[in-house]
Amino acid sequence: MNFDMAGDLVEFDDITCSTVVLADDVASAPPEEREKRRGVAGMVYAFKIAGAAAEEGRDLDAVTSVAQKAADACRSVGVALSPCTVPQAGKPTFEINTASAMFLSRSSRRLLATTTIEEADIAIAATSGVTNPTMAGDHVSIMVNSLGATPPEELYILYRIVKQRLDAAGATIVMPLVGRYATSMEMSGVSFTLCKLDDELETLLKAPCDCEFWRVG
């Protein structure tokens, strides 16, 4: 709603705008209701690829098209180990009752896991399933994203396991991202995003850029 309102406002000033919709959170709705899924960390890939396309001089329609293509190529899943607290609310947004429980994104499913290997395997199973299969020969980019409080050391442990799984599947990993890219305040947890690339998306992903969260020479 907010983005639609913003679009309406700028069009009053004769600025043409367009909309790209992300639906990469696999835990927020089943495959048959994919249009109901939330857009989460996949936005990072859509932003980067849209920016690279604009830098090439493509017009708005072309940039919109390739940004939507990138958005559609992403699948994400998030695992929370603690809630975040919205400052105005002053209390946690949800509760995790046991030390071993993980809250998988915003779905109602609660999973028990005690090791990072299980976390990584959950992510691979969720993001590379039948809706976006990862097979030998595929080029993919993987993002291991801190939800806020998870330190880089733990993210790299998880990335190592995810990389082993993708290598075993015969996929080629392109420009892996490990760090804080799409956070939820001080939440402890991690999200995994898998972006399946074709030649166009891979070229744009690798294109030079220089911004706060992404520097490619």
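Check the entry above for the structure.
Residues numbered from 1 in each chain as written. Predicted model: local features only at pLDDT ≥ 70, side-chain atom pairs only at ≥ 80, totals over all residues. Heavy atoms only, no water.

It is worth spelling out the overall build of the protein at this point. Along the protein, the regular secondary structure elements total six helices and nine strands. Out of the 217 residues in the protein, the part that is buried amounts to 43%. A separation threshold of at least 6 residues defines the contact pool for the protein, and within that pool the share at least 24 residues apart is 72%. Carbon together with sulfur atoms contributes 57% to the accessible area of the protein, which is approximately 11,700 Å² in total. (Helix = DSSP H or I, 4+ residues; strand = E, 2+ residues; numbered from the N terminus. Buried < 20%, exposed > 50% of the residue type's maximum accessible area, 1.4 Å probe, protein only. Contact = heavy atoms within 4.5 Å. Areas by Shrake-Rupley, 256 points an atom, 1.4 Å probe, with all protein chains shown as cover.)

In terms of nonpolar packing, the biggest core is built from 25 residues, with Tyr45 and Leu201 touching the most fellow members. Going through the elements one at a time, helix 2 (43–55), helix 3 (60–72), strand 7 (189–197) and helix 6 (199–206) are the ones with two or more residues in this core. It is helix 2 that contributes the most residues to this core, six residues altogether. Val79, Leu155, Leu166 and Phe192 belong to the second largest nonpolar core, which has 17 residues in total. (Core = buried A, V, L, I, M, F, W, Y, C linked by side-chain atoms within 4.5 Å.)

For the rest of this paragraph, the subject is the side chain of serine 141. Within the fold, serine 141 resides in strand 4 (residues 139–146). For serine 141, a relative accessible area of 0% puts it in the buried group. At 3.0 Å, the side chain of serine 141 forms a polar contact with the backbone oxygen of valine 174. Non-local contacts of serine 141, meaning those with residues more than four positions away in its chain, are made with Tyr45, Val174, Met175, Pro176, Thr193, Leu194, Cys195, Leu197 and Leu205. (Polar contact = N/O pair within 3.5 Å; in protein donor to acceptor, adjacent residues only side chain to side chain.)

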